[in-house]
Amino acid sequence: MNRTEFAEAIRHLDTRPYRVTINAPSDGAMQRGCYLENGVWKVYETDKNRRMKVLYKHKSEEKAFSWLYQLLTRQKGRKKKWFAFWK
């Protein structure tokens, strides 16, 4: 998945609480994105205090954007039911 396919695919996703930024590192709070630096694509996220953490690096644009897409589409808020048999 390249960046144009990624931009089209995330249009229909709920990415809250994160905002998604493409092609530029962001210093805002609660952001996820991907940008190119020295020939390496970096997938990052920022926390509430605006600290950036690089989560994934790869030389391939397709692999980096696919990784970011998978990160954004993971199931959120699924809690394990430890004692479901007690119901």
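So, a few notes on the structure that sits alongside this text. (Residues numbered from 1 in each chain as written. Predicted model: local features only at pLDDT ≥ 70, side-chain atom pairs only at ≥ 80, totals over all residues. Heavy atoms only, no water.)

A short note on the sheet that holds strand E1 (residues 19-22)
Inclusion rule: Note on pairing: two strands pair once DSSP finds at least 2 bridges between them. Under the scheme used here, helices are H or I runs from DSSP no shorter than 4 residues and strands are E runs no shorter than 2 residues, and both carry numbers assigned from the N terminus. Orientation is described by lines fitted to C-alpha atoms, with helices fitted over the stretch in contact, and by angles between N-to-C directions that extend from 0 to 180 degrees. Residue contacts are counted whenever heavy atoms from the two residues lie within 4.5 Å of one another.
Strands sit in the order E1-E2-E3-E4 across an open sheet of four strands; the sheet is mixed. Each edge of the open sheet is held by one strand with a lone partner, namely E1 and strand E4 (52-58). Along the sheet, successive strands turn relative to each other by an average axial angle of 20 degrees, direction set aside. Of the strand pairs in this sheet, E1 and strand E2 (residues 31-37) are connected by four bridges, and their pairing is parallel. Its bridge partner lying in E2, Ile 22 is registered against Cys 34. Together, E1, E2, strand E3 (40-46) and E4 form the strand contacts of helix H2 (residues 61-73), whose direction differs from that of E2 by roughly 175 degrees.

Describing H2
Every α-helical turn comprises 3.6 residues, leaving residues that sit three or four positions apart pointing alike. As a reminder, the rule being used: Here, expected helix span is obtained from the residue count minus one, scaled by 1.5 Å. Burial classification: accessible surface area is computed with a 1.4 Å probe over protein chains only, and a residue below 20% of its type maximum counts as buried, one above 50% as exposed, and the rest as partly exposed. Note: the arc covers the axis-to-C-beta directions of the helix. Between N or O atoms, a polar contact is any pair within 3.5 Å; within protein, one atom must be a potential hydrogen donor and the other a potential acceptor, and residues adjacent in sequence are included only when both atoms are from side chains.
Its 13 residues give H2 an end-to-end C-alpha distance of 18 Å, which sits within 8% of 18 Å, the value for a rise of 1.5 Å per residue. Buried within H2 are the following residues: Glu 61, Ala 64, Phe 65, Leu 68, Leu 71 and Leu 72. Looking straight down H2, one finds its buried side chains confined to an arc of 115 degrees; they lie on one side. For H2, the elements touching its buried residues are helix H1 (3-10), E1, E2, E3 and E4. By the N-cap criterion, in which a side-chain oxygen at the helix start approaches the backbone nitrogen of a residue two or three places on, H2 is capped by Ser 60, the distance to Glu 62 being 3.4 Å.

A closer look at unusual backbone geometry
In terms of backbone geometry, most residues other than glycine have negative phi values and most peptide bonds are trans. In this structure, Pro 17 follows Arg 16 across a cis peptide bond, with omega equal to 10 degrees. Tracing the backbone shows Pro 17 in the loop between H1 and E1. In the Ramachandran plot, Asn 23 falls in the positive-phi region, its phi being about 70 degrees despite a non-glycine side chain. As for its position among the elements, Asn 23 is in the loop between E1 and E2. When its relative accessible area of 39% is taken as the criterion, Asn 23 is described as partly exposed.

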